[in-house]
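Here are the chains, one letter per residue:
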Amino acid sequence: MVLLIDTSIWIEFFRGEDEKLVRIVRKHILSNEVCICPPILQEILQGVRDLETFEMLSEQLMSIRFLEADPKMMAINAAKLYFNLRKKGVTVRKSMDCLIASYALAFDVAFYHADRDFDHISRHFPIKLFT
């Protein structure tokens, strides 16, 4: 199983307060089952507060399987997802979440999150949520 881990989970993992979550993420990292996509990488690194941590974390995250796709196509897919949700009366708070969801859909990977927007998205699109 390949697991795309959302920024919401990475933040909790780095905080280390939820032992169960830390065990789950660590297990999947050690099993080489974790992947990352550009918007999640960006969101994680945006939250870093010092250069040393930024460089260390950049290096570590780049060692994880990276989901690469044509950025124009992914932008169009994310916009279409947002558009279709809005037509159904669903408003996603952060458009970046539509981009992340587009990677999960395009690569057909399991998705681990703690963000209610993805629950809304998954009711209308076949995202494989990890529980």
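Everything that follows concerns the structure shown earlier in this document.
Below: a short report on this structure. (Residues numbered from 1 in each chain as written. Predicted model: local features only at pLDDT ≥ 70, side-chain atom pairs only at ≥ 80, totals over all residues. Heavy atoms only, no water.)

Structural notes on the packing of aromatic side chains
Here is step 1: Inspection of the entire model under this criterion finds six aromatic pairs.
Here is step 2: With 6.2 Å between their ring centres and 0 degrees between their planes, Tyr103 and Phe107 make a pair best called stacked. Taken together, the residues span about one helical turn, with Tyr103 and Phe107 both in helix α6 (residues 95-107) at a distance of four residues.
Here is step 3: Overall, the relative accessible area of 31% leaves Phe107 in the partly exposed class.
Here is step 4: By way of ring pairs, the aromatic residues Trp10, Phe13 and Phe14 are connected into one cluster. (Phe/Tyr/Trp six-rings, centres within 6.5 Å; stacked < 30°, edge-to-face > 60°. Helix = DSSP H or I, 4+ residues; strand = E, 2+ residues; numbered from the N terminus. Buried < 20%, exposed > 50% of the residue type's maximum accessible area, 1.4 Å probe, protein only.)

Things to note about the side chain of Glu43
Here is step 1: Its location among the elements puts Glu43 in helix α3 (residues 38-46).
Here is step 2: Residue contacts for Glu43: discarding those within four places in its chain leaves Asp6, Thr7, Met96 and Ile100. (Contact = heavy atoms within 4.5 Å.)

Regarding the packing of helix α1 (residues 7-15) against α3
Here is step 1: One way to put it is that α1 packs onto α3 with a least axis distance of 9 Å and a crossing angle of 40 degrees. Here α3 runs oblique to α1, going by the angle between their axes. Every pair of crossing elements has a handedness; the one defined by α1 and α3 is right-handed. Residues Thr7, Trp10 and Phe14 of α1 lie in contact with α3, whose contacting residues are Ile40, Glu43 and Ile44.
Here is step 2: Of the residues contributing to the contact of α1 with α3, the split by class is four nonpolar, one polar and one charged. (Axes fitted to C-alpha atoms, helices over the stretch in contact; angles between N-to-C directions. Parallel < 35°, antiparallel > 145°, perpendicular 65-115°, else oblique. Left-handed = near helix turned anticlockwise from the far one by under 90°. Nonpolar A, V, L, I, M, F, W, Y, C, P; charged D, E, K, R; others polar.)

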